[in-house]
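# Summary of structural features
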Amino acid sequence: MRRAVEGRKAQLIVDTSLCVHCELSKEGALNNSVAVPLYYRKKCYGVIMINAKKTSVFDDEEIELLEELGGDIAFGLYKIELEKAEELSRKHLHETEERFESFMDNLPVIAFMDEPDGTCLYMNKKHSEFFGADETWIGKKISESFPEEVAERFCQQNREVVNRDYLETEEEVPDKNGELRILQTRKFAIRTPESKTIIGGLSVDVTEEKRVKEMLRESEEKFRTFTTSAPVAIMIQSDEKWKYANPAAERLTGYSLDELANMSIWDLLHPDCYDDIKRPLEALRQGISDELEYELKVILKDGSVKWAYVISKPITLDKKPAILVSGVDITPLKDAEQLATNLSKQLARSLDTLIESFSKIIEMKDPYTSGHQKRVSQLSVAIASEMDMDDGSIDAIRKAALLHDMGKIYTPSEILNKPGRLSELEMLIVREHPSKGYDLLKDIDFSYPISEYVYQHHERLNGSGYPKGLLGDQMLTEAKILAVADVVEAMSSHRPYRPSLGIEKALEEIRDNAGILYDKDVVDICIHLFDQGFEFDD
């Protein structure tokens, strides 16, 4: 068989020893076997062994016939092989086409292939969706699918691609709804083995991107127009450096933007403000807070210092975190506040002087009660402090105590200085002094209702007081304090109509009537103060 394959001719087998292992040769006889090679186009598809039980069967004519038969069989095998190869090739081509279609249809861009004359050869899914195209477009020319102006433009581009191999364009193209969209397109020439040119293309819809960029450009233009003319200082800080400063900021600091670009916020801040601003500013940078408002001192280029009211917000600049800072010069306001504070202190001193004067006038009117108002003030302040009242309330009680008998200016001196018991009419006149005091003080703005404290200092919890007969829940706490301090001081001091009853008798009075005439909490604190060694300072 090897000789048959190598020689490409049929071979008679005359030496049976060569076929001792062949089962067929055992059934044959000498000179009754032939090996026929199956050749077609220089390829051997195998060997056919033909055996005959009769001897001298295969002559030259028969062998030649068998060789022809072998050639036919080889041709048949070649055809089978060729069909299988073609089937495999078609399957591979189909799979390749499917993969190509899948790949192209999943591209996020418009893809197409055209003849140079504009005949559509291929379009992907994105192309179909954008232009509203279907399979009927394949084989059609651009002029049949697009407006004339657009089709002519596309054809002109195709001609340029044929000559230049590559072309990039950015143009407005109508989509399936007729809306103009901006497409960035890259067209390129594809040369086939047959020297044919196909135009391939990829397009990206950049309409929204362009609109966003335009909006951003307009926004930036508006921002610069606004900030340039704004009277408020506006600055942007990023990476610890100033990236932007409007003219108002340059005027406020005295530095130009070029100078500020090499400076940090700490170069502008007065050292007194470091501790106040460091932690809030870090919270702003870390996104813990979304706004920061503060007053701070700014060191100007000339070394002078100004006060500024500043609002800071986190923003993004060039895809990096930044801080937008806007501020106004409040130095005149600060100066005015300081002036107001000084004036307020001066007025407070003047008011205290005036109150002292009123107190002395009352004492001149009623010399027997000299020092009474000061001592009531001492005890009232001590009680209010023990009750943890705020400083403003304590000072208001002090003033009210110094003025609580101011209405006695209207009480005749002979009644005030009468050594004996007063008549009923005289008592009625004396009991008018809280109302008279209220009338004198009501139009003065003390920031606290001092006139009401004076008005109520003779009221009692059970309604037995005067001038209005108020009940406990109708009385102000400050008036309740004055009531207790007034009784204790009055009973423990000398009066024209009686000698001093002593502090023990006074404390016994308020203790026995706590919760009846006098506020129990105030009484308890008053007694506690004397137990702790409180004494009137004469």
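Residues numbered from 1 in each chain as written. Predicted model: local features only at pLDDT ≥ 70, side-chain atom pairs only at ≥ 80, totals over all residues. Heavy atoms only, no water.

### Some words on the confidence of the model for the protein chain
A residue-level look at the protein chain finds 89% of positions with pLDDT of 70 or above and a mean pLDDT of 83. When the elements of the protein chain are averaged for pLDDT, helix H2 (residues 23–27) gives the smallest value, 56, and helix H21 (residues 520–531) the largest, 94. (pLDDT = per-residue confidence, 0-100. Helix = DSSP H or I, 4+ residues; strand = E, 2+ residues; numbered from the N terminus.)

### Concerning the sheet that holds strand E6 (residues 166–174)
The strand order E5-E4-E8-E7-E6 describes an open sheet built from five strands, whose pairing is antiparallel. Edge positions in the sheet fall to strand E5 (120–123) and E6, since each has one partner strand and no second. Put simply, the sheet's adjacent strands are angled 25° from each other on average, direction ignored. Where strand E7 (residues 180–191) meets strand E8 (residues 197–205), nine bridges bridge the pair, whose relative direction is antiparallel. Looking across to E8, one finds that Arg-186 is bridged to Leu-202. The strands touched by helix H3 (residues 60–105) are strand E4 (110–114) and E5; relative to E5, the strand with the most contacts, the crossing angle is about 70°. Its contacts with the sheet put helix H6 (residues 148–164) on E4, E6, E7 and E8, and the angle it makes with E6 is roughly 175°. (Pairing = 2+ DSSP bridges. Axes fitted to C-alpha atoms, helices over the stretch in contact; angles between N-to-C directions. Contact = heavy atoms within 4.5 Å.)

### Quick notes on a nonpolar patch on the surface
A surface patch of nonpolar side chains, about 300 Å² in accessible area, is lined by Leu-69, Ile-73, Leu-77 and Ile-80. Assignment of secondary structure puts Leu-77 in helix H3. (Patch = residues over 30% accessible without salt bridge, like charges linked within 9 Å, V, L, I, M, F, W, Y side chains within 5 Å. Areas by Shrake-Rupley, 256 points an atom, 1.4 Å probe, with all protein chains shown as cover. Salt bridge = Lys/Arg side-chain N within 4 Å of Asp/Glu carboxyl O.)

### Some remarks on helix H20 (residues 503–512)
For H20, the complete set of buried residues consists of Ala-506, Leu-507 and Ile-510. Looking straight down H20, one finds that the buried residues subtend no more than 95° of arc, so they occupy a single side. Of the surrounding elements, those touching the buried residues of H20 are helix H19 (477–491) and H21. (Buried < 20%, exposed > 50% of the residue type's maximum accessible area, 1.4 Å probe, protein only. Arc of directions from axis to C-beta.)

### Topic: the pairing of E7
When E6 meets E7, the two strands line up antiparallel, connected through nine bridges. By the bridge assignment, Glu-170 is partnered in E7 with Gln-184. Hairpin connection between E6 and E7: a loop of five residues separates the two successive antiparallel strands, and Gly-178 in this loop has a positive phi of roughly 85°. Following E7, the chain reverses through five residues before pairing antiparallel with E8; Ser-195 in that reversal takes a positive phi of roughly 65°.

### Focus on the pairing of strand E9 (residues 233–238)
In the case of a regular strand, side chains alternate between the two sheet surfaces. The buried count for E9 comes to six of six residues, which makes it a mostly enclosed element. Strand direction decides the pairing type here: E9 and strand E13 (residues 320–329), joined by five bridges, are antiparallel. The residue of E13 that forms the bridge with Ile-236 is Leu-324. As defined by bridge partners, E9 adjoins strand E10 (residues 241–245) across four bridges and the pair is classed as antiparallel. For Gln-237, the partnering residue across the bridge sits in E10 and is Trp-242. From the end of E9 to the start of E10, which pair antiparallel, there are two residues, and Asp-239 there has a positive phi angle of about 55°.

### Concerning H3
Look at H3: 66 Å from first C-alpha to last across 46 residues, which is about the 68 Å you get at 1.5 Å a residue. For H3, the complete set of buried residues consists of Ile-63, Leu-66, Gly-70, Ala-74, Tyr-78 and Met-104. On its buried side, H3 packs onto strand E1 (11–13), strand E2 (33–40), strand E3 (43–51), E4 and E5. (Expected span 1.5 Å × (residues − 1).)

### Description of a negative patch on the surface
Where like charges cluster on the molecular surface, the negative patch consists of Asp-59, Asp-60, Glu-61, Glu-62, Glu-64, Glu-68 and Asp-72. Considering the arrangement of structural elements, one finds Glu-64 in helix H3. Residue Glu-64 is classed as partly exposed on the basis of its relative accessible area of 48%. (Lys, Arg positive; Asp, Glu negative; His and termini not counted. Charge placed at Lys NZ, Arg CZ, Asp CG, Glu CD.)

### Concerning the pattern of salt bridges
Pairing of side chains with opposite charge becomes possible as their charged atoms draw close. As enumerated under the stated definition, the model contains 31 salt bridges in all. Across the salt bridge formed by Lys-313 and Glu-291, the nearest N and O atoms sit 2.4 Å from each other. With Lys-313 in strand E12 (residues 305–317) and Glu-291 in the loop between helix H11 (274–285) and strand E11 (292–299), this pair connects stretches of sequence that are 22 residues apart. Residue classification places Lys-313 among the partly exposed positions, given a relative accessible area of 36%. By relative accessible area, Glu-291 is classed as partly exposed at 33%.

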